[in-house]
Amino acid sequence: MKIAILGTGMVGKTIASRLADLGNDVTIGTRNIEKTLSTDEKDLNGKSSFKEWIDEHSNIKVDTFSNAASNAEIIFNCTSGMISINALNLAGLDNLAGKLLIDIANPLDFSNGMPPSLNPANTDSLGEQIQKAFPETKVVKTLNTMNAYLMVDPSKLKGDHNVFLCGNDSEAKKTTKTILNSFGWKDDQIIDLGDITNARGTEMLLPIWLRLWNALGTPEFNFHIQKN
Ligand code: NAP
C-alpha cells in the first residue's frame, strides 16, 4: 500500500520503518525537507538525527506533507497534537479527501509545564476536530494510548494488553484493523469503541498514562482490559 506518515518525530519514524519493512511504499512527510534533513538534533531517546535515521532507511522517501499525502492511499497523523490541524491543512484538504487517516496524535498542551493538560477534552477531542475539519476524510483514531515501540510490535510486552480504535467509517476501521494485524495485534486485542466521538475516551487516558509513566519509571507498559 502507498502510505504517507505525517510527522518526523519518534512515532512517525517508528511507524514508517515498520510499515516499510512490511513491504509498503512509505513516504514520511515534513514541513521543510531541507531543514529536517539538516537538523543534528537527536530524538528524545538520544537516538540518531533524522538524517542519520533516513540514511539507514533507504526504503523510505521524504517529502513535504502535501506531496506525501497527495501520493498516498492511507495517511497517518503522527504530528504534535496541538498543531495537528495546521499540519493537516498543510497536507491539503483535497489530498486527504476520500482517504483513510489514522490519527495517533494526542492534544497535549505543555504550555503550563509538566504534566501537560489535554485540550480539547471531555466534550470534544482532537479526533473529532480532525473529522469535522476534513469531512471527506475517513478518520480512525488508534494507537495513541501507548508508547511508540509497542504500537508496531505488541509482543514486546509480556502478557495480554489492548489497543483501542474508533471512527465513523466501518470500511476504514476494517483496513485499520488489517494494518494493526500486520503489526502483530491479534483480533481479540483490538477493541472497537464505536464512532469518532469515542476519541474523547482514548485521548483522556493520557493523563493517567503520563502519571503511570512517572510512577513506574518506564514507558514500557500498556492497558489490559479484563472482563468476565
Ligand atoms: P512530535 O514532536 O509531537 O511531532 C513532530 C511533528 O510535528 C513533526 O513532523 C513536525 O514537523 C510537526 N510539527 C511541529 N510543529 C508544527 C507546526 N507548527 N505546524 C506543522 N507541523 C508541526 O512527535 P512525536 O513525539 O513522534 O509524537 C507524535 C504524536 O504522537 C503526538 O501527537 C503525540 O502526542 C502522539 N503520541 C506519541 C507517543 C510517543 O511514544 N511519543 C505515543 C502515543 C501518541 P516537521 O517535520 O516539519 O518538524
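Residues numbered from 1 in each chain as written. Predicted model: local features only at pLDDT ≥ 70, side-chain atom pairs only at ≥ 80, totals over all residues. Heavy atoms only, no water.

S.K.: Please explain the overall build of the protein chain as it appears in this structure.
M.R.: Secondary structure summary: the protein chain contains 11 helices and 10 strands in total. Rg of the C-alpha trace for the protein chain: 17 Å, near the compact-globule value of 17 Å for 228 residues, within the 12% margin. By its C-alpha atoms, the protein chain is 50 × 40 × 40 Å across when sized along the principal axes. Long-range pairs, those at least 24 residues apart, make up 72% of the contacts in the protein chain between residues at least 6 apart in sequence. Surface exposure of the protein chain reaches about 11200 Å², of which carbon and sulfur atoms provide 49%. Across the protein chain, the 22 positively charged side chains and the 27 negatively charged ones have centroids separated by 2 Å. (Helix = DSSP H or I, 4+ residues; strand = E, 2+ residues; numbered from the N terminus. Rg over C-alpha atoms; globule rule 2.2 N^0.38 Å. Contact = heavy atoms within 4.5 Å. Areas by Shrake-Rupley, 256 points an atom, 1.4 Å probe, with all protein chains shown as cover. Lys, Arg positive; Asp, Glu negative; His and termini not counted. Charge placed at Lys NZ, Arg CZ, Asp CG, Glu CD.)

S.K.: What's the story with the state of the cysteines in this structure? I'm lost.
M.R.: The full count for this structure, using the stated rule, is zero disulfides. Note on C78: no disulfide assigned, nearest cysteine sulfur contributed by C166 at a separation of 16 Å. The class of C78 is buried, set by a relative accessible area of 12%. Residue C166 is classed as buried on the basis of its relative accessible area, which comes to 0%. (Disulfide = S-S within 2.5 Å. Buried < 20%, exposed > 50% of the residue type's maximum accessible area, 1.4 Å probe, protein only.)

S.K.: What's the story with the pattern of salt bridges in this structure? I'm lost.
M.R.: A side chain with one charge can pair with a side chain of the opposite charge if their charged atoms come near. Scanning the model with the defined rule gives eight salt bridges in all. Two residues, D103 and K141, come together in a salt bridge whose shortest N-O distance is 2.7 Å. Of this pair, D103 sits in strand β5 (residues 100–103) while K141 sits in strand β8 (residues 138–142), and the two are 38 residues apart along the sequence. Exposure remark for K141: the relative accessible area of 1% places this residue in the buried category. One salt bridge connects D124 with K132, and the closest N-O pair in it is separated by 3.9 Å. D124 gets classed as buried once you look at its relative accessible area, which sits at 17%. If you follow the salt bridges from partner to partner, you end up with D103, K141 and E203 in one network. (Salt bridge = Lys/Arg side-chain N within 4 Å of Asp/Glu carboxyl O.)

S.K.: Looking at this structure, how should I read the sheet that holds strand β9 (residues 163–167)?
M.R.: What holds strands together in a sheet is hydrogen bonding between their backbones, with the strands either parallel or antiparallel. The eight strands are arranged β3-β2-β1-β4-β5-β8-β9-β10 in an open sheet whose pairing can be described as mixed. Strands with a single pairing partner mark the edges of an open sheet, and in this sheet they are β3 (60–64) and β10 (190–194). On average, each strand axis in the sheet is inclined to that of its neighbour by 25°, with strand direction left out of account. Relative to strand β4 (residues 74–77), strand β1 (residues 2–6) runs parallel, the two sharing four bridges. By the bridge assignment, I5 is partnered in β4 with F76. Relative to β9, helix α9 (residues 170–183) is tilted by about 160°, and along the sheet it contacts β4, β5, β8, β9 and β10. (Pairing = 2+ DSSP bridges. Axes fitted to C-alpha atoms, helices over the stretch in contact; angles between N-to-C directions.)

S.K.: Even after reading the chapter, I still don't get the environment of L210, so can you show me in this structure?
M.R.: Mapping L210 onto the fold places it in helix α11 (residues 206–216). The class for L210 is buried, based on a relative accessible area of 13%. With 65 residues separating them along the chain, L210 and T145 place their C-alpha atoms 10.0 Å apart.

S.K.: I tried to follow the side chain of N222 on my own but got confused; where do I start?
M.R.: By the element assignment, N222 lies in the segment after α11. A distance of 2.9 Å separates polar atoms of two side chains, one belonging to N222 and the other to H161. Residues in contact with N222, not counting those within four places in the same chain, are T145, M146, L150, L157, H161, N162 and W185. (Polar contact = N/O pair within 3.5 Å; in protein donor to acceptor, adjacent residues only side chain to side chain.)

S.K.: For this particular structure, what's the right way to read the site of the ligand?
M.R.: Taken together, 22 residues form the shell around the ligand, and within it T8, V11, T30, R31 and T79 come nearest. One of the side-chain N or O atoms of N147 is found 3.5 Å from an oxygen atom in the ligand. When isolated, the ligand has an accessible area of 900 Å², and the protein chains bury 75% of it. Residue assignment for the shell around the ligand shows that the elements contributing at least two residues are α1 (10–21) and α8 (148–151). Tallied by class, residues from the shell around the ligand come to 11 nonpolar, 10 polar and one charged. (Near = heavy atom within 4 Å. Nonpolar A, V, L, I, M, F, W, Y, C, P; charged D, E, K, R; others polar.)

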